[in-house]
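# Tertiary structure, described
Letter by letter, the chains look like this.
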Amino acid sequence: MTKIHLLMKKEDIREEKIADGNKIAVVLDILLATTTIVSALKDGAKEVIPVLHSKEAIELANQYQQDECILAGELDAKPLDGFVYPSPTLIRESINGKTLILSTTNGTVALRKSSSANKVYIASMLNNPAVASSLQKVSEDQTILIICSGNSGEMSLEDFYGAGHLIDCLLKNSEYELTDAAKTALYFYRGQKDDYEILLDSYVGKLLDKYNQHSDLRLASSKGITSIVPILKDKKIVVETIYSI
């Protein structure tokens, strides 16, 4: 039976352990990196390039014509000079046909640190059902490693909740062996009733509320609104398939 394990934050990632063995990584950063990535691809982005820091992002952007890419990023939830803030509802206005170069404090770092896995999926509340359907193809000798990006060394409520949602979707399709951490996320998710209120009550959710980013919160809490399944391949995120759900 395929095993599901859960990491609470990006600092728990051990790159050598991911590389050594049959690991399938699924990265979540509900507020907002993976939601932004999934939303951008749904809205017609050509690809998304997650980077480790703003310097790498600027160097990459210099390789593109101005109308070929959008440079988006934040550091500790604060805007970066010369960058579009990585708001999915803001980026959707101009992303069609372009490359999104994305630098964030937690989510893009988690993605890059997970890149040595056999495969890396990008998940959010928006596409968790489709990702769960795609993961049915995982063989029993592989481990599904669900990675919550967290918040600067701390676990985040919204990622833990999103992980529970993903596990709930997985269990609708097949049976899995869950670690205690994975079970805890599942039970927490099943014990709640209002997706938006949970996200709003998180630390990052309160910051978004303070700056009137309610449209991003609403979007991030929207379950199963797209069937795209993005993967990280050669440092770029592309849509592997549009999965029927």
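Everything quoted here is computed from the prediction, not taken from an experiment. (Residues numbered from 1 in each chain as written. Predicted model: local features only at pLDDT ≥ 70, side-chain atom pairs only at ≥ 80, totals over all residues. Heavy atoms only, no water.)

## Examining the overall build of the protein
- Helix and strand counts for the protein stand at 11 helices and 11 strands.
- In terms of overall size, the protein behaves like a compact globule, its C-alpha atoms giving a radius of gyration of 16 Å where 245 residues would be expected to give roughly 18 Å.
- Reported as C-alpha extents along the three principal axes, the dimensions of the protein are approximately 50 × 35 × 35 Å.
- Taken over 245 residues, the protein has a buried fraction of 56%.
- Here the contacts in the protein between residues at least 6 apart in sequence split such that 77% fall between residues at least 24 apart.
- In the form shown here, the protein has an accessible surface area of approximately 10,900 Å², with 46% of it arising from carbon and sulfur atoms.
- Averaging the coordinates of the 27 positive side-chain charges in the protein and doing the same for the 33 negative ones gives two points 1 Å apart. (Helix = DSSP H or I, 4+ residues; strand = E, 2+ residues; numbered from the N terminus. Rg over C-alpha atoms; globule rule 2.2 N^0.38 Å. Buried < 20%, exposed > 50% of the residue type's maximum accessible area, 1.4 Å probe, protein only. Contact = heavy atoms within 4.5 Å. Areas by Shrake-Rupley, 256 points an atom, 1.4 Å probe, with all protein chains shown as cover. Lys, Arg positive; Asp, Glu negative; His and termini not counted. Charge placed at Lys NZ, Arg CZ, Asp CG, Glu CD.)

## A look at the side chain of Thr104
- Tracing the backbone through its elements, the reader meets Thr104 in the loop between β6 (99-103) and α5 (107-113).
- What makes Thr104 buried here is its relative accessible area of 6%.

## Observations concerning the side chain of Ser221
- Residue placement: Ser221 occurs in the loop between α11 (214-220) and β10 (228-233).
- Those residues in contact with Ser221 that lie beyond four places of it in its chain are Met125, Asp195, Tyr196 and Leu199.

## A closer look at the layout of surface pockets
- Size it by volume and the largest pocket reaches roughly 480 Å³.
- Lining the largest pocket are 25 residues, and of these Glu74, Asp76, Ala77, Tyr85 and Leu207 sit closest to its centre.
- Elements with a contribution of two residues or more to the lining of the largest pocket: α2 (33-42), β5 (78-79) and α10 (203-210).
- Here the lining of the largest pocket gets four residues from one element, more than from any other, and that element is α10.
- Of the volumes computed, that of the second largest pocket is approximately 170 Å³.
- If you trace the second largest pocket, you find it lined by His5, Leu7, Asp12, Ile13, Arg14, Lys17, Ile18, Lys23, Thr143 and Leu145.
- Breaking the lining of the second largest pocket down by element, the ones donating at least two residues are β1 (3-7), α1 (15-19) and β8 (143-148).
- In terms of residue class, the lining of the second largest pocket is built from four nonpolar, two polar and four charged. (1 Å grid on protein atoms, 1.4 Å probe; cavity = no way out; pocket = protein on both sides within 12 Å on 5 of 7 lines; lining within 4 Å. Points joined across faces, edges and corners; volume = space filled by probe spheres on them. Nonpolar A, V, L, I, M, F, W, Y, C, P; charged D, E, K, R; others polar.)

## Quick word on the nonpolar core
- The biggest cluster of nonpolar side chains holds 43 residues, and the ones touching the most others in it are Ile4, Leu6, Leu31, Leu135 and Ile146.
- For this core, the element with the highest residue contribution is helix α7 (residues 157-173), accounting for seven residues.
- In this structure, Ile146 is in contact with Ile4, His5, Leu6, Leu7, Val26, Leu28, Ala163, Leu166, Ile167 and Leu170, ignoring residues within four places of it in sequence.
- By size, the runner-up hydrophobic cluster in this structure holds 29 residues, among which are Leu7, Leu41, Ala110 and Leu232. (Core = buried A, V, L, I, M, F, W, Y, C linked by side-chain atoms within 4.5 Å.)

## Observations concerning the pattern of salt bridges
- The final tally for this structure, using the stated rule, is 11 salt bridges.
- Measuring nitrogen to oxygen at the nearest pair gives 3.5 Å for the salt bridge that ties Asp43 to Arg92. Here Asp43, found in the loop between α2 and β3 (47-51), pairs with Arg92, found in the loop between α4 (88-91) and β6; they are 49 residues apart in sequence, far enough to count as distant.
- Given a relative accessible area of 36%, Arg92 falls into the partly exposed group. (Salt bridge = Lys/Arg side-chain N within 4 Å of Asp/Glu carboxyl O.)

Everything listed is a geometric property; what it means functionally is a separate question.
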